[in-house]
Amino acid sequence: MTAWRVLIVEDDPVMREFFAASVSRSPRLALAASLGTMGEALAWLGDPSNAVDVLLTDLGLPDGSGLDVIRHATRLHPACEPLVISMFGDEDNVLASIEAGALGYIHKDSTPDDIAHTVLEMKAGASPISPMIARRVLFKYRSLQAARPRAPASEPAQPAGQDAGSGTAQAVRSLLSGREQDVLELIARGFSYQEIARLQSVSVHTVQTHIKNLYSKLAVHSKNEAVFEATRLGLLPRHG
Amino acid sequence: MAEGSHPPRRSAAARGRLRWGAIRAWLACLLLGLTLAASASARAEVQELRQARAVITADGATELTTVSLPYHWDRQHHGSPGTGTFEVPFSLPGEPDIPYALYVLRLGNAYEVWLNGTLLQRNGDLTRVNGADYAKAPRYIEVPPQLLQRQNLFRIIIRADGGRRGGLARLLVGPDTEVQEYYARDFRWQVAGSLAVVVLSSLVGMVALMLWLTQSDPTQAGWRKRDSLYLYAGLAELAWALRVADKLIENPPVSWLWWSPLMAVCASCWICSMTMFCIKVAGWDEQGRLRRCKTGLGLFFLAGLFVGAASQYWQSPALLTAYYILASAWCMPFALIYMALAARSGARRAHVLVAVVLLANVAIGLRDLLVFRLSDSFGDNSWLRYSSMLFGLTLGYIALTRFRAASAQARDLMANLSARVAQKEAELAHSYQKLEQLAREQERASERTRILRDMHDGVGSHISTAIRQLQSGRASSDAVLLTLRDSLDQLKLSIDAINLPTGDVTALLANLRYRLEPRFAASDIELQWDVDLLEPVQRLDANAMRQLQFMVFEALSNVLQHAQASVLRIEARAAGAGVVLRTIDNGRGFDVTAPLRKGLSSMRERAQVIGARLHMHSAPGRTVVEIHLD
């Protein structure tokens, strides 16, 4: 079995060293590079000779945001799965990262074993999610759901927004399946993956897959939403 | 302004009359005068007949006499009724072959006109005293040429009622086209003009009354709401319209006994109302004097009613004449004083205008009084009828200027209003801004307090503990690590608390579990999660949520660090409008009555702050910490 190639982007040298060491310790992970700025990261990602499977990036980089590194990585290396290094795992930052394309997050105070474990879990199909984030996603989903049915009636005179708008509506409808919604609600109530698997009579792996799928959908949805907004503002030409 | 006809004749005297007539006609109407002058030579054949032989029957006596025309019955018989037969001979140079006509400015009150023994026209019943009055309009009678000879005789029989201006005016006879001109002119001024005055006065009167009814001043109460200026003007105009309409009515709807006094009343109503109108325009609203004025005018008006009735009843026109003289006697000085006050600087323009109109009307009224009531003139036209229209014009002017002023005022008001509304809005926005700023400051202050307390109780206390542990040199690195992990967990919880939905206890517990999960995993304690989906507890604000988080964290920390338990159960149940939280472990327990550990006392304090009830029950194998939130 080949090891996953990991790129680390972290401006604090001590932290960077710690993460690099944690990755190197795992026989199933290989350190591709460990960089300190967004500029370096973008340059490294832009080099076609570099290959990467996992991106670990801090959000607050001296020359920009880790969100841009995530977007860049997923665009140039579709197989690359980004994880965000977060001090607190607080919902604002994590949600923004998910919408940029991240598939999970790692706490800075994690132990080296935890770090490798989280990366490998993600590659195996599991993404971590906190009850707070689950709650936020549910809330966002419900308010979108509540707002959507009115949109076609209130915007018939705005063909510019309609294509993108119906695209967004499509994305929202397909955003959460009933099962995914149930899983999210249980997570928000504090149940663990194992408890949820038991309650839903599915395997833990299925629960984890739901969450990871959800991450991708959120990223796609946020991209659609951005397209819709841009079209509405006239920043993008109308399609169709 | 128009007057009786004065037709030309070839005699020197008649030429003099013709000139006089032409001048008066010019004065009256320049255009008409010019027309007359231009056609003077063509009218050479028109004859004016001024002498008549008459048989007059009045007061039971009959006399045969020669009279000169016009014959003014009332001047001759002082109000007694009677009949008269007038024979007026005239000669023609030859038998004419063109149509002729006779024109009489005034005759009656009933009459028959015969020519050479043939009846030409009859109007009214000669025998019925106080019957219909046909003397009011000029008469034009066509004369068939075949009736005319070289020597001809008009025989005109009249019935004259007392005090009704009966009699016979001069006769004008000649080719019909030329005679027609005289008739048309007099008809225009006396009949058509009167009709126009009636129509216009009625219209002005009704509009004025309408204004009186509709224009009200909401700041006043009762009748004072309405502007009596319009009422007086309306009454005056309507009374005048009826008075002038009399000229057009030959057969009144009621008997003369009622009709004649009614006309007198109309005239006095006009005089009194117009006086009040003038007073209103001048703004003499001083109460005492105004009341005296009203009383005087009311008495004068009543006097008009009685005098009119008496004059008709006793057939004594002199009574009415006296009444009108009395009116002139006070109208004259009133007009002069009014004018004098209007001439002062500062008088309103409407006041000045009305003063001029008033003066003109009084002067013309005097003229009419002289002509109709005192002189022997017969068939003259009233000027007052037309001059009265000037009042209507001033009323129009007053109404227009008032409406203009009112609309200007309304515009001002609107502008003012929107400016004030804008100002109020700005003030409101300002105070709202201040309020908001205050609220924000308060929010910031309480947030600061919360963060400071968090740092003090949480991170700060943990770090100082860690420092003490390191300084003492006795603590193991695991102990220090635990302290620091605690510190970081506290920090994460305090960040999570910022986003916790207020009152949502389920979310609070879920978050705590999520944060402490690694520790549970490390401690080999089986966690039993029995948390219902709870309705938010309304009274828990952000600060209370944080306190509650601390309390639960403390309880869980105790179990993790000291209980040596293998099972920890976390329960949350709805209890009425509130919630009950329980942590139950199977550890070794502790003495809840012994001097409390720091963590436990901190829990009690926090419970007190947020008004929660805290129950602890501990025995080896079962320790329950219960938090009631009502």
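Residues numbered from 1 in each chain as written. Chains lettered and ligands numbered in written order. Predicted model: local features only at pLDDT ≥ 70, side-chain atom pairs only at ≥ 80, totals over all residues. Heavy atoms only, no water.

## Quick notes on the overall build of chain B
Filter applied, for reference: Helix numbering and strand numbering both begin at the N terminus, where a helix is a DSSP run of H or I of at least 4 residues and a strand a DSSP run of E of at least 2. A 1.4 Å probe rolled over the protein chains alone gives each residue an accessible area, and that area as a share of the maximum for its type sets the label: buried under 20%, exposed over 50%, partly exposed in between. All accessibility values rest on the Shrake-Rupley procedure with a 1.4 Å probe; residue burial counts only the protein chains present in the view.
Scanning chain B for helices and strands turns up 15 helices and 18 strands. Within chain B, the proportion of its 630 residues that are buried is 47%. Total accessible area on chain B is roughly 31800 Å²; 61% of this is exposed by carbon and sulfur atoms.

## Section: the pattern of salt bridges
Residues and elements named next belong to chain B. The condition is simple: By convention in these notes, a salt bridge is any Lys or Arg side-chain nitrogen within 4 Å of a carboxyl oxygen on Asp or Glu.
Overall, the coordinates contain 36 salt bridges over all chains when judged by the stated rule. Among the salt bridges present, the one from E87 reaches R53, with a minimum N-O distance of 3.3 Å. In this pair, E87 sits in strand β5 (residues 82-91) while R53 sits in strand β2 (residues 51-58), placing the two residues 34 residues apart along the sequence. With a relative accessible area of 22%, E87 lands in the partly exposed category.

## Section: helix α11 (residues 389-472) of chain B
All names here are of chain B. To keep things clear, this is the line we draw: Expected span, for any helix, means 1.5 Å times one less than how many residues it has. To get the bend at a residue, fit one axis to the 7 residues ending there and another to the 7 starting there, then take the angle between the axes.
With 84 residues, α11 extends 120 Å from end C-alpha to end C-alpha; this agrees with the ideal 124 Å at 1.5 Å per step. The largest bend along α11 reaches roughly 40° and is located at M455. Of the residues trailing α11, G473 is marked for its positive phi of about 75°.

## Quick word on the packing of helix α9 (residues 178-188) of chain A against helix α10 (residues 193-200) of chain A
Residue and element names in this part refer to chain A. Note the threshold: Lines fitted to C-alpha atoms define the axes, with helix axes restricted to the stretch in contact, and inter-axis angles between N-to-C directions lie between 0 and 180 degrees. Under this scheme an angle from 65 to 115 degrees is roughly perpendicular, one under 35 degrees roughly parallel, and one over 145 degrees roughly antiparallel; angles in between are oblique. Take the far helix as the reference: if the near one is turned anticlockwise from it by less than a right angle, the crossing is left-handed, and if turned clockwise, right-handed. In what follows, residue pairs with any heavy atoms lying within 4.5 Å of each other are defined as contacts. In the scheme used here, Gly and all other residues not listed as nonpolar or charged are polar, with Ala, Val, Leu, Ile, Met, Phe, Trp, Tyr, Cys and Pro taken as nonpolar and Asp, Glu, Lys and Arg as charged.
Closest axis-to-axis distance for the α9/α10 pair is 10 Å, and the angle between their directions is 135°. Comparing their axes, α10 and α9 come out oblique. You can see that α9 and α10 cross each other, and the crossing is right-handed. Contacts between α9 and α10 pair R179, D182, V183, L186 and I187 from the former with Y193, I196, L199 and Q200 from the latter. For the contact of α9 with α10, a count of residues per class yields 6 nonpolar, 1 polar and 2 charged.

## Considerations on the sheet that holds strand β10 (residues 139-143) of chain B
Residues and elements named next belong to chain B. Here is the rule: The criterion for strand pairing is that DSSP finds at least two bridges linking the strands in question.
Pairing is antiparallel in the open sheet, where 4 strands are placed in the order β1-β13-β6-β10. Two strands in the sheet have a free side with no partner beyond their single neighbour: β1 (47-49) and β10. Averaged over all pairs of adjacent strands, the angle between strand axes in this sheet comes to 20°, irrespective of strand direction. The pairing of strand β6 (residues 100-104) with β10 spans 5 bridges and is antiparallel. Paired with L102 across the two strands is I141, which belongs to β10. Packed on one face of the sheet, helix α4 (residues 176-214) meets β6, β10 and β13 (171-175) and runs near 135° to β13.

## Examining helix α12 (residues 477-499) of chain B
Over its 23 residues, α12 of chain B extends 34 Å from the first C-alpha to the last, a length consistent with the 33 Å expected when each residue adds 1.5 Å. Taken residue by residue, α12 of chain B has V480, T483, D486, S487, L488, D489, Q490, K492, L493, S494, D496 and A497 of chain B as its buried positions.

## Remarks on empty space enclosed by the protein
All names here are of chain B. Here is the rule: Whether a set of points on the 1 Å grid over the protein atoms alone is a cavity depends on a 1.4 Å probe fitting there but being unable to get out, while an open set qualifies as a pocket with protein on both sides within 12 Å along at least five of seven lines; lining residues are those with an atom within 4 Å of a point. Grid points are joined across faces, edges and corners, and a volume is the space filled by probe spheres set on the points.
Under the criterion given, the structure shown has 3 cavities of 30 Å³ or more. Within this model, the largest cavity holds a volume of roughly 60 Å³. Contributing to the lining of the largest cavity are L509, M551, V552, A555, I570, E571, L581, R582, T583, V625 and I627. Elements with a contribution of two residues or more to the lining of the largest cavity: α14 (542-563), β15 (567-575), β16 (578-585) and β18 (622-629).

## Observations concerning the packing of aromatic side chains
Rule in force here: By convention, a stacked pair of Phe, Tyr or Trp rings (six-membered ring in the case of Trp) has centres within 6.5 Å and planes under 30 degrees apart, an edge-to-face pair has planes over 60 apart, and any other such pair is tilted. Charge-over-ring placement is defined geometrically: NZ (Lys) or CZ (Arg) within 6 Å of the ring centre, and within 35 degrees of the ring normal.
Scanning all chains against the criterion turns up 17 aromatic pairs over all chains. A ring pair is formed by F18 of chain A and F19 of chain A, whose centres lie 5.6 Å apart and whose planes are at 75°; its orientation type is edge-to-face. In this structure F19 of chain A comes out as buried when scored by relative accessible area, which is 0%. Sitting over the ring of W256 of chain B, R164 of chain B keeps its end group 4.1 Å from the ring centre. When the ring centre of W383 of chain B is taken as origin, the NZ or CZ atom of R367 of chain B, which lies over that ring, is 3.9 Å away.

## Brief notes about the nonpolar core
The cut-off we apply is this: Joining through side-chain atoms within 4.5 Å is the link that ties buried Ala, Val, Leu, Ile, Met, Phe, Trp, Tyr and Cys residues into a set, and such a set is a nonpolar core.
Judged by nonpolar contacts, the single largest core of 106 residues is most densely connected at L56 of chain A together with V505 and L548 of chain B. In terms of residues, this core owes the most to one element, α14 of chain B, which gives 11 residues. Counting 53 residues, the second largest nonpolar core, distinct from the first, contains Y232, F277, V281 and I398 of chain B.

## As for the packing of helix α6 (residues 256-282) of chain B against helix α8 (residues 317-343) of chain B
Residue and element names in this part refer to chain B. It is at 12 Å that the axes of α6 and α8 come closest, and there the two elements cross at 10°. With respect to α8, the element α6 is oriented roughly parallel. Taking contact as the criterion, the partners of A264, A267, S268, I271, T275, C278, I279, V281 and A282 in α6 are, on α8, L320, Y323, Y324, A327, W330, C331, F334 and Y338. Broken down by class, the residue content of the contact of α6 with α8 amounts to 15 nonpolar, 2 polar and no charged.

## Quick word on the sheet that holds strand β12 (residues 167-168) of chain B
Residues and elements named next belong to chain B. In spatial order, the strands read β4-β12-β7; together these 3 strands make up an open sheet with antiparallel pairing. Of all strands in the sheet, those bounded by a partner on one side alone are β4 (71-72) and β7 (107-108). Pairing geometry for β7 and β12, over 2 bridges, is antiparallel. Of the residues in β12, the one forming a bridge with L107 is L168.

## What about the pairing of β18 of chain B?
Residues and elements named next belong to chain B. By the criterion of burial, β18 is predominantly enclosed, with 7 of the 8 residues buried. In this structure, strand β17 (residues 613-619) lies alongside β18, joined through 7 bridges in antiparallel fashion. Paired with H615 across the strands is E626, a residue of β18. Connecting the antiparallel pair β17 and β18 is a turn made up of 2 residues, with G621 showing a positive phi of about 95°.

## Section: the interface of chain B and chain A
We count it as follows: In short, buried area is how much 1.4 Å probe accessible area vanishes from two parts on joining, totalled over both. Pairs of N or O atoms are called polar contacts if they sit within 3.5 Å, as long as, within protein, a hydrogen donor faces a hydrogen acceptor (for residues adjacent in sequence, only side-chain-to-side-chain pairs).
Opposite the 22 residues of chain B that make contact, chain A presents 22 residues. Summing both partners gives a buried area of about 1800 Å² for chain B against chain A, and 55% of it is carried by carbon and sulfur. Three residues stand out in chain B for area buried against chain A, namely K492, N499 and Y514 of chain B, and they jointly supply 28% of the buried area on that side. One salt bridge in this structure joins D504 of chain B and R135 of chain A, with 2.9 Å as the shortest N-O distance. Linking chain B with chain A are 8 residue pairs in polar contact (both at pLDDT 80 or more). Every element with two or more residues in the side of chain B that touches chain A is listed here: α12, α13 (505-523) and β14 (526-531) of chain B.

## Some points on the confidence of the model for chain B
Residues and elements named next belong to chain B. How we decide: A residue's pLDDT is the predictor's confidence in that residue, given on a scale from 0 to 100.
Per-residue pLDDT for chain B averages 84, and the proportion of residues at 70 or more is 92%. For the stretch residues 31-44, pLDDT sits under 50, and the model shows 17 contacts to residues farther than four places along the chain or on other chains. In the model output, the complex is listed with pTM 0.51 alongside ipTM 0.79.

## Examining the pairing of β13 of chain B
Residues and elements named next belong to chain B. β13 sits mainly inside the fold: 5 of its 5 residues count as buried. Bridge count for β1 against β13 is 3 bridges, and the pairing is antiparallel. Within the sheet, the bridge partner assigned to E48 lies in β13 and is L172. Sheet topology note: the β6/β13 ladder contains 5 bridges and is antiparallel. What sits directly across from L102, in β13, is V173.

## Quick look at the environment of R515 of chain B
With respect to the helices and strands, the residue R515 of chain B is situated in helix α13. Spatially, the C-alpha atom of R515 of chain B lies 9.3 Å from that of Q490 of chain B, the residues being 25 residues apart in sequence.

## Observations regarding a nonpolar patch on the surface
Inclusion rule: Think of a patch as exposed residues, more than 30% relative accessible area, with no salt bridge, where like charges cluster within 9 Å and nonpolar side chains (Val, Leu, Ile, Met, Phe, Trp, Tyr) cluster within 5 Å.
The grouping of V254, L257, W258, Y313, W314 and L319 of chain B at the surface amounts to a nonpolar patch, some 730 Å² of accessible area in total. With respect to the element layout, W258 of chain B can be found in helix α6.

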